[in-house]
Amino acid sequence: MSRSAPTRLPRVSERRHGGSVPTIAFVSDAPTLTTGFGVTTARMAGALDAAGWRPVCFGLKATPADIGQTPYPIWAADRGGHWADSLASFFLVMRPDLLVLNMDAYNAAEVLGAVRAAGWRGPVLSYVVFDGLPVGRHYLDVQRSCPAVLASSHTAAAYLRDNGLAVLGVAPPGVDQTLFTPTPDRSALRTLAGVGDATVIGAFGTNTERKQLARVVAALPAIQDELRGSRLLLYLHCQPNGYWRLADLAEDMDVGGLVAFPASAAFDERRGVPITGAGSLHEAASARPGGAWPTSLSYVDRMGCCDVIVNVPHSGDI
């Protein structure tokens, strides 16, 4: 998961233990989703599956339609009712040998409580992200109760160690450089997006309280003044209305004409858009300041159209 060469996982035939292949269960966002936790779960579970282990996922936010989309099992948590209602059945059917939590420290407290209530008494590895520090004794005690803890940053690891917790290692989420590469024809992408010679700021994240997208919108008037008449566009890769009513906020600040969103009211933040695969230049440049970017633009394409990308988590372990 780091940007350095990945650690090679031993294949089943190389392991010293005998018997059946151990089952490693993940509780996190489903690996079929495009949320940060969904993506990292997919990377971890996929690596384990490729190495011959048996990953299974209790997929938070997953629906029955997600089942069968991966070579390893996904247990869809979104079946109506509370997500934890089927945890006991998940453990009974999957019979894991190890449970991995991939989530932030606050959610880990709730999820570990539900896991214990569902009858799980086996070992837990916590891969923890902090949305701001310090978090206090309660959330540290949750991590302390796990036999093994991985941190997603050196800052988080130092905080845990300063509070007396052993940290198994630091594993920053990495970037697949075979997918996320500069486009050879950026001008064509910008033509398709309809941005022309505008200076494009991009912010990619769900419209939730944890993403401070409103601050980027609030900064637009000052940025516009600084650019002194140059064309400016803010592309927000999210729904206009969620925790923040971003389109309304932009209008209130007289920058509504400078903000664009993904096309289609049906845009699903959890499912996103394809990572790669540029659209056709014949689909019309419907995007412009105040417009919407064509559905054919992939995730990487959208990043390639931007002159600068702003990361706006509440903290995001930084």
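This report concerns the structure included in the present document. All residue numbers refer to position in the chain's written sequence, counted from 1. Totals for whole chains, interfaces and linings use every residue, but because this is a predicted model, local features are given only for residues with pLDDT of at least 70 and side-chain atom pairs only at 80 or more, for both listing and counting. Calculated side-chain values reflect all of the structure's heavy atoms, with hydrogen atoms and water omitted.

### So, the sheet that holds strand S1 (residues 23-29)
The criterion for strand pairing is that DSSP finds at least two bridges linking the strands in question. Each helix is a run of DSSP H or I of at least 4 residues and each strand a run of E of at least 2, with the numbering of both proceeding from the N terminus. Strands sit in the order S3-S2-S1-S4-S5-S6-S7 across an open sheet of 7 strands; the sheet is parallel. For this open sheet the edge positions go to strand S3 (74-76) and strand S7 (169-170), each flanked by a neighbour on one side alone. Pairing of S1 with strand S2 (residues 54-60), which is carried by 7 bridges, proceeds in the parallel orientation. Within S2, the position partnered with Val27 by the bridge is Phe58.

### A look at unusual backbone geometry
Following Leu133, the chain continues into Pro134 via a peptide bond in cis, with omega recorded as 0°. As for its placement among the helices and strands, Pro134 is situated in the loop between strand S5 (124-129) and helix H4 (137-144). Phi is positive for Lys61, close to 75°, though the residue is something other than glycine. Here Lys61 lies in the loop between S2 and S3. According to the relative accessible area criterion, Lys61 is partly exposed, its value standing at 34%. Only protein chains enter the accessibility calculation, which uses a 1.4 Å probe; a residue whose area is less than 20% of its type maximum is buried, one above 50% is exposed, and one in between is partly exposed.

### A look at the environment of Leu112
By secondary structure assignment, the location of Leu112 is in helix H3 (residues 105-117). Its relative accessible area of 6% is what places Leu112 among the buried residues. Each C-alpha atom, one on Leu112 and one on Ser126, is 9.7 Å from the other, the two residues being 14 residues apart in sequence. In this description, contact between two residues means that some pair of their heavy atoms is separated by no more than 4.5 Å. Excluding residues that lie within four positions of it along the chain, Leu112 makes contacts with Leu101, Val124, Val142, Ser145 and Cys146.

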